[in-house]
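Report on the structure
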Amino acid sequence: MSSLTDQRRRRTPRSILPWLATPALVIYVGFAVIPLVGVFALSFTTWDGIGAIHVSGLTSWRAVLTDPGLPHALGVTFMVMVVSWLVQTPVCILLGTFMAGRQRYRALLGVVYFVPLMLSSAAIALAYKALLDPNFGLGAGLKIQVLSQDWLGRPWLAFGVVVFVVSWQFIPFHSLIYQGGVQQIPKSLYEAAQLDGAGRIRQFFSITLPQLKYTIITSSTLMVVGSLTFFDLIFVLTEGGPGDATRVLALDMYKRGFQASLMGPASAIAVILVLVGLALALMLRRLGGRDAGASQLEGA
Amino acid sequence: MALSRRTLLGLAAGVPASAALAGCGSSGPGDGGKATYWYLNGQPQEGVRAGAVDAFNKAHPKEQIKDTTFQNDAYKTKIKTAIGAGKAPTIIWGWGGGTLRTYVKAGQVEDLTPWFDEHPEVKKRLLPSSFAAATVDGKIYALPGETVQPIILYYNRKVFDQVGVKPPKSWDDIMDLVPKFKAKGIAPFSLGGQSRWTNMMWLEFLFDRIGGPEVFQAITEGEKNAWSNPDAITALTKVQELVKAGGFIKGFSSITADSNADQALLYTGRAAMMLHGAWSYGIQQARGGDFVSDGGLGYMNFPPVEGGKGDPGNTVGNPAQYLSLSSKADKDQKKIAKDFFAKGVLQDEEVKKWIDNGSVPIRLGTEKLLAAAKNADFLQFTYDVATKAQTFGQSWDQALSPTAAETLLDNIVKLFQLSVSPKQFAANLNAVTST
């Protein structure tokens, strides 16, 4: 078989290789770069989505940047990002470490934990909305007074619910990443630690956690950048409410663009979202350090 | 014949592309002798709409209408996008008012005034109050169709008997009833507050009863600081008083109207009253078991407010649903659409179906049919409210431009949460409606 692949490799001249990227490049340019440029251009216009587009310079930007709704939406976005990171990461690391064991029941549990990720965000939001209904939901059904709260009607409770449901949905995915990370750690490290008399907890903090450094960075990048695009779940669950307590930036963009017919300001927000996302991704990459590709076997 | 790899690849690449092209083509104009028509799905209304199209297609073999249905919220976005992209259907279904105005300003819908002049019989058989929301700057841009849906104050007779009180005859009565129901552990009013427009209905009535229809009229006409009208401030204050008194069910901000949880609160007797659209009757009937058939459901027009200027017979809600004609449609399509407007909309068969569903079609002279229907009392009540009202105010979120409506809905939620004062509320809205 190896001779066959050799032959094939010889038949493909090196000059062709870059061309093989063309389809991906075309799709990327067509579906990412061009719309991005379009949105950037739209942010300098006034358009209700139906009539003519008027170039209006910085009007839309001024409207967005002077709107007290923007710092609020940015604040909510960052709060959701940070709080859901704080909730998810420890749980995911523990779950991932637990699932990395070889026992059969752990594999079975791993499958069960994975279920939330396979449901669509809209379905999850609808289900939670029904469960949290103060009059007909879980609390009322089980006659547990504590559960019969005005969950989605009070700003902080609604925020908490959003973080909880987001975490419920994404913990499985990140646990899986950590499980993979833990399984990569060489057994010899644990054997050495055991010889030195380190207990389980000591092993976890001195070996597992440091060895997971790059996994943590990968998972955090996904969480942080992903949280910028939270839309469907929050849209169905609270529609940004009550008032604007859970109105994250992506939702703000949709509401301005498609509900209030203000395409200019909505485009400006889209541009801001792209910039924030890029900045965060770059920052996290820096955090990973330049030795991200180096061997991790020495430990951190 | 041996299939070469190239043929296979060509097929593989060609099939999805042509399927995609076909998908694009069918949604836009340019189908030749066919007109397109988009409307909302959801039974029982969808069936009536589809029935009217089928009947027209059968009667006019050379003029075919192809209908496509959408879900309510999805449709609102889809139709705007389609019109903006020049891919509007020939016949555009809508709610009239502010959204129609934006279509008109963009030159996307035909002026139907000359057509109505040629077809006076069409105009004569429809409820006159339904035309206001179809009219922009004195010209008619849509054909009113389907049913009239005023907002009605529903109440649970059984709960009223149980507590030993009578339905309210005035705003003061409402405020007096609140502690009486609360003492028995029953919420005075059910409200699906998360849906926002549900809260709005309260303001629509209070503005009308306290200041008369002129107050909101001034707002739609873009008069400066119209929201700060003293009567408007009084109305906003009254709503907050009701909230503070505990008039609405606990947790109303997390209840949605889409799930019909607010309706369930009324028919299960957990709430005594509810302000809701005429369509709620059908829902109570379908879901409330024998609640409606046992006479448990009471209904009335919103009571007057002491010292108010508005006529207590006035109502608010949806005066009709509206059909506009896309100005981008070709000549054939326009002809088909106009024929449909004249000979396809609200024909006898459709009228009968609407009545069977518990709604009142906007066609005049249906009294006999209404009286013979299963829900005659309620239908007669709705018909009377709609025809006798001096002013039939259109739902605010439809009457205003989409931009103003969105700000309005956001602020209404804050008003009901007591997180903005009436004055702040007025200031926030003056900023968007008078520009």
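Residues numbered from 1 in each chain as written. Chains lettered and ligands numbered in written order. Predicted model: local features only at pLDDT ≥ 70, side-chain atom pairs only at ≥ 80, totals over all residues. Heavy atoms only, no water.

Between chain B and chain A, the contact holds 30 residues from the first and 29 residues from the second. The junction of chain B with chain A conceals about 2,300 Å² of combined surface from both sides, 49% of it contributed by carbon and sulfur atoms. Contact with chain A buries area across many residues of chain B, yet Lys80, Gln194 and Ser254 of chain B alone supply 21% of it, more than any other trio. At the boundary of chain B with chain A, the tally comes to 3 salt bridges. Here Lys255 of chain A makes a salt bridge to Glu406 of chain B, at a shortest N to O gap of 3.8 Å. Summed over the shared surface of chain B and chain A, the number is 12 residue pairs in polar contact (both at pLDDT 80 or more). Of all elements in the fold, only helix H3 (72–84), helix H4 (97–105), helix H12 (261–267) and helix H19 (402–416) of chain B reach the threshold of two or more residues within the side of chain B that touches chain A. (Contact = heavy atoms within 4.5 Å. Buried area = accessible area lost by both parts, 1.4 Å probe. Salt bridge = Lys/Arg side-chain N within 4 Å of Asp/Glu carboxyl O. Polar contact = N/O pair within 3.5 Å; in protein donor to acceptor, adjacent residues only side chain to side chain. Helix = DSSP H or I, 4+ residues; strand = E, 2+ residues; numbered from the N terminus.)

Residues and elements named next belong to chain B. Note on placement: Pro303 falls in the loop between strand S10 (297–300) and strand S11 (315–318). Spatially, the C-alpha atom of Pro303 lies 7.0 Å from that of Pro168, the residues being 135 residues apart in sequence. Excluding residues that lie within four positions of it along the chain, Pro303 makes contacts with Leu153, Pro168, Lys169, Ser170, Ile174 and Arg209.

So, on to the UniProt feature "domain: ABC transmembrane type-1" (unreviewed entry) in chain A. Sequence positions flagged by UniProt for "domain: ABC transmembrane type-1" (unreviewed entry) are, in local numbering, residues 74–284 of chain A. With 77% helix and 0% strand, residues 74–284 of chain A has end C-alpha atoms that lie 19 Å from one another. (UniProt positions renumbered as here; feature names shortened; annotations may be inferred.)

A full pass over the atoms with the stated rule returns 17 salt bridges over all chains. The shortest N-O distance in the salt bridge between Lys334 of chain B and Glu110 of chain B comes to 2.9 Å. Of this pair, Lys334 of chain B sits in helix H14 (residues 331–343) while Glu110 of chain B sits in the loop between H4 and helix H5 (113–118), and the two are 224 residues apart along the sequence. Like Lys334 of chain B, the residue Glu110 of chain B is buried in the burial classification. Look at the salt bridges and you will find they share partners, linking Asp67, Arg247, Asp252, Lys255 and Arg256 of chain A together with Arg196, Glu406 and Asp410 of chain B into a network. (Buried < 20%, exposed > 50% of the residue type's maximum accessible area, 1.4 Å probe, protein only.)

This part is about the sheet that holds strand S3 (residues 91–94) of chain B. All names here are of chain B. On the basis of which strands lie adjacent, the open sheet formed by 5 strands has the order S2-S1-S3-S12-S6 and mixed pairing. Of all strands in the sheet, those bounded by a partner on one side alone are strand S2 (64–70) and strand S6 (143–145). Averaged over neighbouring strand pairs, the angle between their axes works out to 25° when direction is ignored. Examined bridge by bridge, strand S1 (residues 34–40) and S3 share 2 bridges and lie parallel to one another. Looking at the pairing, Tyr37 lines up with Ile91 of S3. Against the sheet, H3 makes contact with S1, S2 and S3, and its axis sits at roughly 140° relative to S1, the strand it touches most. (Pairing = 2+ DSSP bridges. Axes fitted to C-alpha atoms, helices over the stretch in contact; angles between N-to-C directions.)

It is worth spelling out the packing of helix H11 (residues 213–227) of chain A against helix H14 (residues 263–287) of chain A at this point. Residue and element names in this part refer to chain A. Contact geometry of H11 with H14 gives a least axis separation of 10 Å together with a crossing angle of 170°. In terms of axis orientation, H11 runs roughly antiparallel to H14. When H11 is examined against H14, the residues Ile217, Ser220, Thr221, Val224 and Val225 are found in contact with a partner set consisting of Gly277, Leu280, Ala281, Leu284 and Leu287. Considered class by class, the residues forming the contact of H11 with H14 number 7 nonpolar, 3 polar and no charged. (Parallel < 35°, antiparallel > 145°, perpendicular 65-115°, else oblique. Nonpolar A, V, L, I, M, F, W, Y, C, P; charged D, E, K, R; others polar.)

Looking now at helix H6 (residues 121–132) of chain A. In this model H6 of chain A runs 16 Å from its N-terminal to its C-terminal C-alpha over 12 residues, within 8% of the 16 Å that 1.5 Å per residue would give. Here the buried face of H6 of chain A lies against helix H5 (104–118), helix H8 (155–184) and helix H12 (232–237) of chain A. (Expected span 1.5 Å × (residues − 1).)

Let us look at the UniProt feature "transmembrane region" (unreviewed entry) in chain A. The sites that carry the UniProt feature "transmembrane region" (unreviewed entry) are, in the present numbering, residues 20–42, 73–95, 107–128, 156–178, 214–238 and 258–284 of chain A. Between the first and last C-alpha atoms of residues 214–238 of chain A the distance is 35 Å; the span itself is 80% helix and 0% strand.

Turning to the packing of aromatic side chains, a few remarks are in order. The relation between two aromatic rings is expressed through the spacing of the ring centres and the mutual angle of the planes. Residue and element names in this part refer to chain B. With the rule as written, the count across this model stands at 47 aromatic pairs over all chains. Ring centres 4.8 Å apart and planes at 55° place the aromatic pair Tyr37 and Tyr39 in the tilted group. The same class applies to Tyr37 as to Tyr39, namely buried. With a centroid separation of 6.3 Å and an interplanar angle of 80°, the aromatic rings of Tyr75 and Trp93 are classed as edge-to-face. Here the residue Tyr75 occupies a position in helix H3, and Trp93 occupies one in strand S3, the gap between them amounting to 18 residues. Looking at Tyr75, the relative accessible area reads 0%, which means it is buried. Of the aromatic side chains, those joined through ring pairs into one cluster are Trp171, Phe189, Trp202, Phe205, Phe248, Phe252, Phe302 and Phe416. The lysine or arginine in question, Lys76, covers the ring of Trp95, its NZ or CZ lying 5.1 Å from the ring centre. For the cation-ring pair, Lys123 lies above Phe131, with the distance from its terminal atom to the ring centre recorded as 5.5 Å. (Phe/Tyr/Trp six-rings, centres within 6.5 Å; stacked < 30°, edge-to-face > 60°. Lys NZ or Arg CZ within 6 Å of the ring centre and 35° of its normal.)

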